[in-house]
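Below, each chain spelled out in residue letters.
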Amino acid sequence: MASMGVFLEAKNSFGMELSVTNMAYGIEFDNVSRDEWTYLLQQFDDASIYQTWTYGSVRWGEKSLSHQVIKKNGDVIAIAQVAIKKVPFLGLGVAYIPWGPLWRKRGNSIDPENLKCSLRSLRDEYAKKRGLLLRIGPNVVEQQDNSIGNLFKEEGFSLKLSLRKYRTLMVDLTPTIEKLRKDLHQNWRRKLNQAEKKDLEIIEGHSDELYAIFLSLQSELQERKKYTPGVSYQEFREMQKDLPEPLKMKIIIAKSEGEPISAVVFSGIGDTGIFLFGATGDKGMKTSGSYLLHWLAIQLLKGSGCRWYDLGGINPGNNPGVYQFKVGMGGMDVCHIGPYEVCNSPLSSLLVRWSEGVRNFLRR
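Within the secondary structure, serine 48 is located in the loop between α1 (34–41) and α2 (53–60). Apart from the residues lying within four places of it in its own chain, the contact partners of serine 48 are Leu41, Trp99, Ile269 and Ile274.

In structure tokens, the structure reads:
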């Protein structure tokens, strides 16, 4: 997907302290506060909700978090939040980085050397020094030349083939609103036109009251379709309460005759908005309200400066209906390049493989 950025070849090596062509690098681990992390996070185009302090602390516990900050000539060029799970007293376990590290600084040219510096220090700290299996799910889509994937391999990481890559549809928000609407598939645009004629009441915000409305609609949807969610909606409710104001999820509710009928929940951190959840209640089935809400989300994200709208993951085989709905927005079908991992401790590797095998067995 060449339009998502030109990636340069990285050639320089990197240690804990390094000076290359008069540029001094410095690395810090676990020397940043929550407020400082929030400030730094907002400086990166590849930032997402999955690298917020709140997501990590709710998902894994604050004591499980570790943070890397890399500077070049005093300027922060890369950061990573790491979730660590270890067996008590043994020191064995896994260090996991979802949608990171962050290395595309806003306003700067894309420099894979920043990523290379981050990967090398992450490997040295967590795989070599701490003896953990380090697994990274980078927020990078596959490129034709696989230049970023090759960079991971150069730093000793291997692609974890047994884990499914994140596959999604990405809507490019750079065209005009008129062009974005024209690019909608014909049936999708027809449904949007129908929804706009329904005179639906729209409420948008980020309050817990709006999230509670989404949960009510989600409950109706789950009862109607008889499926088991793959995420904890309550966890995300706790995150929403704790997220700093600029990082809170956005919620849009559609009402008909005063009653909520549809909702979407999405995040707009960095240059990419991510659709997280959507739900249509029983009384909203014939209103096409979800089409209108996604269209409003596109406009809000574009207005806030986002370059992309990530439609939140797709699985055409297991969920063809949702896939067809998302395809109608005209996005590009892409996959993330990872996950990649590296491990210097055979015991940590054996422990992680065993625990994941047990977990998968219990799920089946």
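Taken residue by residue, the protein gives an average pLDDT of 90. The fraction at 70 or more is 92%. This stretch, residues 1–22, has a pLDDT under 50; its non-local contacts, to residues over four places away or in other chains, come to 56 contacts.

When you tally the buried positions in α2, you get six out of eight residues, the bulk of the element. Of the surrounding elements, those touching the buried residues of α2 are α1, β3 (65–72), β4 (75–86), β5 (93–98) and α8 (233–242). Glycine 61 occupies a position one or two residues after α2 and carries a positive phi of about 100 degrees.

Glancing now at the pattern of salt bridges. In this structure the tally under the stated criterion is 26 salt bridges. Put simply, glutamate 155 and arginine 123 hold a salt bridge, and the shortest N to O gap is 3.4 Å. One end of the pair, glutamate 155, is in the loop between α4 (147–154) and β7 (158–159); the other, arginine 123, is in helix α3 (residues 112–129), with 32 residues separating them in the sequence. The residues glutamate 155 and arginine 123 share a single accessibility class, namely buried. In this structure, aspartate 333 and arginine 167 form a salt bridge, with 2.6 Å as the shortest nitrogen-oxygen distance. Of this pair, aspartate 333 sits in strand β14 (residues 332–335) while arginine 167 sits in strand β8 (residues 167–172), placing them 166 residues apart in sequence. Among the residues examined, aspartate 333 registers a relative accessible area of 39% and is labelled partly exposed.

Let us look at the sheet that holds strand β13 (residues 308–310). Read across the open sheet, the seven strands follow the order β9-β10-β11-β12-β13-β8-β14; overall the sheet is mixed. Sheet topology places β9 (201–205) and β14 at the edges, where each strand pairs with a single neighbour. Going from strand to strand, the sheet's axes swing by 30 degrees on average, the running direction of each strand aside. The sheet strands contacting helix α9 (residues 289–303) are β9, β10 (250–256), β11 (259–267), β12 (272–280) and β13, and the helix crosses β11 at an angle near 35 degrees.

Another aspect to go through is unusual backbone geometry. The amide bond that connects glycine 100 to the next residue, proline 101, takes the cis arrangement and shows omega of -5 degrees. Relative to the helices and strands, proline 101 is located in the loop between β5 and α3. Phi at aspartate 30 is positive, roughly 55 degrees, even though this residue is not glycine. Residue position: aspartate 30 is located in the loop between β2 (23–29) and α1.

A few words on the side chain of arginine 237. Here arginine 237 lies in helix α8. Among the polar contacts listed, one links the side chain of arginine 237 to the side chain of aspartate 208, at a separation of 2.8 Å. Discounting residues that sit within four places of it in the chain, arginine 237 has contacts with Asp208, Tyr211, Ala212 and Leu215.

Reading guide: rules and limits
Residues numbered from 1 in each chain as written. Predicted model: local features only at pLDDT ≥ 70, side-chain atom pairs only at ≥ 80, totals over all residues. Heavy atoms only, no water. Helix = DSSP H or I, 4+ residues; strand = E, 2+ residues; numbered from the N terminus. Contact = heavy atoms within 4.5 Å. pLDDT = per-residue confidence, 0-100. Buried < 20%, exposed > 50% of the residue type's maximum accessible area, 1.4 Å probe, protein only. Salt bridge = Lys/Arg side-chain N within 4 Å of Asp/Glu carboxyl O. Pairing = 2+ DSSP bridges. Axes fitted to C-alpha atoms, helices over the stretch in contact; angles between N-to-C directions. Polar contact = N/O pair within 3.5 Å; in protein donor to acceptor, adjacent residues only side chain to side chain.

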